[in-house]
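# Tertiary structure, described
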Amino acid sequence: MGINEIYNYLRFLMLPVIVIIGIEFVLIGLYYFLYYRNRQSERKLRIDIKKLFLGALFIGYVDFVLELTIFGRGHSHFLQMNLHPFSSYIEAWNKYSLRDFQNCIFNIIMFIPMGILLPLISRKFKAFKWLFLVVVSSTLFIETYQTLSGAGIFELDDIINNTLGGIFGYQLYRLAASIDNIPATKLSTYSRPSIQENHS
């Protein structure tokens, strides 16, 4: 699948995802304005609206991944497996195939949002071990379903690439979180000398 084919395919798949996310945002908006805002003072009913929006994005993302990997893929690869690590990279290199290399990169990119969104949604996934477990379990589920249903080949490279994508997304999250903490640190560091100079 070339870059143009991937682009056209993604554009086709994005329509139902956008519709799902749009419906979720409308429901969250109605919940906020009709119910949550009027009862904000009650601690038991307080819900993080930001996490609701992030959850809506994550549901749309999951739907997008399932459309790419499971739905509407036919049944021509029943119980086919490729357990040779990095075989797709070797094949792309030997064939000088940019298309095959693009597929490898796309499998990495596909799981980057998972590594970013999960820690933002739940504190539990700020611990790398839990995020890693979910990423590996998710790609194993997809590959197992594909080979049992015939929708695709169980490929070890897909598991490796998807896992790398999740790890890369998690590192991007950690980088953004550390950068977000830098201004406060600098402010507290440089504010004290300025106060002392004013007293002097």
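Here, the structure is the one placed above.
Below: a short report on this structure. Please read these numbers as outputs of a predicted model, since none were measured by experiment.

Rules of the game
Residues numbered from 1 in each chain as written. Predicted model: local features only at pLDDT ≥ 70, side-chain atom pairs only at ≥ 80, totals over all residues. Heavy atoms only, no water. Phe/Tyr/Trp six-rings, centres within 6.5 Å; stacked < 30°, edge-to-face > 60°. Helix = DSSP H or I, 4+ residues; strand = E, 2+ residues; numbered from the N terminus. Buried < 20%, exposed > 50% of the residue type's maximum accessible area, 1.4 Å probe, protein only. Lys NZ or Arg CZ within 6 Å of the ring centre and 35° of its normal. Axes fitted to C-alpha atoms, helices over the stretch in contact; angles between N-to-C directions. Parallel < 35°, antiparallel > 145°, perpendicular 65-115°, else oblique. Left-handed = near helix turned anticlockwise from the far one by under 90°. Contact = heavy atoms within 4.5 Å. Nonpolar A, V, L, I, M, F, W, Y, C, P; charged D, E, K, R; others polar. Core = buried A, V, L, I, M, F, W, Y, C linked by side-chain atoms within 4.5 Å. Expected span 1.5 Å × (residues − 1).

### Regarding the packing of aromatic side chains
Under the criterion given, the structure shown has six aromatic pairs. Here Phe58 and Tyr61 contribute two aromatic rings whose centre-to-centre distance is 6.0 Å and whose plane-to-plane angle is 40 degrees, an arrangement assigned as tilted. Of this pair, Phe58 and Tyr61 both sit in helix H2 (residues 49-69), three residues apart, roughly one helical turn. Comparing Phe58 with Tyr61 shows no difference in burial state: the two are buried. Through a chain of ring-to-ring contacts, three or more aromatic side chains come together here, namely Phe128, Phe132, Tyr170 and Tyr173. For the cation-ring pair, Lys124 lies above Trp130, with the distance from its terminal atom to the ring centre recorded as 4.6 Å.

### Remarks on the packing of helix H5 (residues 112-121) against helix H6 (residues 128-149)
In the contact formed by H5 and H6, the axes pass within 10 Å of each other and the chain directions differ by 135 degrees. What the angle tells us is that H5 and H6 run oblique. Of the two possible hands of crossing, H5 and H6 adopt the one that is right-handed. Of H6, the residues touching H5 (which contributes Met114, Gly115, Leu118 and Pro119) are Leu131, Val134, Val135 and Ser138. In terms of residue class, the contact of H5 with H6 is built from six nonpolar, two polar and no charged.

### Some points on the environment of Leu164
Tracing the chain through its elements places Leu164 in helix H7 (residues 156-199). Between the C-alpha atoms of Leu164 and Asn107, which are 57 residues apart in sequence, the distance is 9.1 Å.

### Quick notes on the nonpolar core
Core analysis: the biggest nonpolar cluster contains 17 residues, and Phe58, Tyr61, Val65, Phe111, Met114, Leu118 and Leu131 have the highest contact counts within it. For this core, the elements supplying multiple residues, two or more each, are H2, H5, H6 and H7. Once you skip the residues sitting within four places of it in the chain, Leu118 turns out to touch Phe58, Phe125, Leu131 and Val134.

### Some thoughts on H6
If you check H6, its first and last C-alpha atoms are 31 Å apart, about what 22 residues at 1.5 Å a residue would give, namely 32 Å. All of the buried residues in H6 are Leu131, Val135, Val136, Thr139, Ile142, Glu143, Gln146, Thr147 and Ser149. After H6 finishes, the residue Gly150 shows a positive phi value of roughly 85 degrees.

### Observations concerning unusual backbone geometry
One non-glycine residue, Phe86, lies in the positive phi region at around 65 degrees. Within the secondary structure layout, Phe86 lies in the loop between strand E1 (81-82) and helix H3 (87-95). Positioned with a positive phi, Tyr96 is a non-glycine residue whose angle comes to about 50 degrees. By secondary structure assignment, the location of Tyr96 is in the loop between H3 and helix H4 (98-109). Among the residues examined, Tyr96 registers a relative accessible area of 74% and is labelled exposed.

### With respect to the packing of H3 against H4
Across the interface, H3 lies against H4 with an axial gap of 8 Å and an inter-helix angle of 150 degrees. For the element pair H3 / H4, the angle class is roughly antiparallel. Considering how the two elements wind past one another, H3 and H4 form a crossing that is left-handed. Contact residues: H3 offers Ser88, Tyr89, Glu91, Ala92 and Lys95, while H4 offers Asp100, Phe101, Cys104 and Ile108. Of the residues assigned to the contact of H3 with H4, the class counts are five nonpolar, one polar and three charged.

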